[in-house]
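Reading the structure
Spelled out, the chains give:
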Amino acid sequence: LHHLFPEIVRSPSVLRAHSVSLLKYNHTHPRTDVHIDNGILAMTLAMTPQSEYTGGGTFYEHMGAGNVLQMDVGHGTFRPGSVRHGGHRVTAGDRYILGAFLLLEDHVEHVRRLKNRGAELRTKGDLEGATNHFEWALALNPRCTTCLKDWAEILLAQQDF
């Protein structure tokens, strides 16, 4: 990753796994909506041979609607967490992927920390504290889509719009 993203990862030794999940796509959970990930970098690793499912793959918004990246077992991608993407619909069989969010030991992500703390406060019912944290995060990065979404959900719940 240091060679792919030298402006972000100064050394492989600073990479830290924030969370790692095994995700299952099938007819009951066929896809994920377009979203961004909760890490400065994100990884997807295909765990199922393509012959065991129909459909699937990863849609990247910047590549256009007709482009879905198919990956056979063992193939993977790394990308900045801010890249908008989604899991394309699986129509038959089971598709498993390993998804991971990566952080950097030597890089403090203030916006992400403020957003995550706001989400914690919201869960605890402290809507004023949560709103403050989302506003502070947006002051640093007005294009933080997850901050805007979480803040808007509070405003909608309070009918303050």
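Details of the environment of Asn38
Checked against the element boundaries, Asn38 lands in the loop between β1 (15–25) and β2 (41–46). Between the C-alpha atoms of Asn38 and Glu105, which are 67 residues apart in sequence, the distance is 15 Å. In this view, Asn38 contacts His18, Phe101, Arg112 and Asn116; residues no more than four positions away in its chain are not counted.

Let's talk about the nonpolar core
Counting residues in each nonpolar core, the largest one holds seven residues, listed as Phe5, Val9, Val14, Ile40, Leu41, Leu102 and Leu104. Excluding anything up to four places from it in sequence, Phe5 contacts Leu41, Phe78, Arg79 and Pro80. Counting six residues, the second-largest nonpolar core is a separate cluster that includes Val111, Ala137, Leu138 and Cys144.

Overview of the pairing of β2
Burial analysis of β2 places five of its six residues in the buried class, which makes it a mostly covered element. Bridging between β2 and strand β6 (residues 76–80) involves five bridges; their strand directions are antiparallel. Across the sheet, residue Leu41 finds its bridge partner in β6, namely Pro80. Sheet topology note: the β2/strand β9 (residues 95–104) ladder contains six bridges and is antiparallel. When the sheet's bridge partners are listed, Met43 is paired in β9 with Ala100.

Things to note about the side chain of Asp150
Inspection of the secondary structure puts Asp150 in helix α3 (residues 145–158). Engagement of the side chain of Asp150 in a polar contact is seen with the side chain of Lys115, the distance being 2.9 Å. At 2.9 Å, the side chain of Asp150 and the side chain of Lys149 are in polar contact.

Some words on the state of the cysteines
Tallied over the entire structure, the rule returns one disulfide. Residue Cys144 pairs covalently with Cys147 via a disulfide, S to S 2.4 Å. The chirality of the disulfide connecting Cys144 with Cys147 is right-handed, given an S-S dihedral of about 65°.

Calculation criteria
- Residues numbered from 1 in each chain as written.
- Predicted model: local features only at pLDDT ≥ 70, side-chain atom pairs only at ≥ 80, totals over all residues.
- Heavy atoms only, no water.
- Helix = DSSP H or I, 4+ residues; strand = E, 2+ residues; numbered from the N terminus.
- Contact = heavy atoms within 4.5 Å.
- Core = buried A, V, L, I, M, F, W, Y, C linked by side-chain atoms within 4.5 Å.
- Buried < 20%, exposed > 50% of the residue type's maximum accessible area, 1.4 Å probe, protein only.
- Pairing = 2+ DSSP bridges.
- Polar contact = N/O pair within 3.5 Å; in protein donor to acceptor, adjacent residues only side chain to side chain.
- Disulfide = S-S within 2.5 Å.

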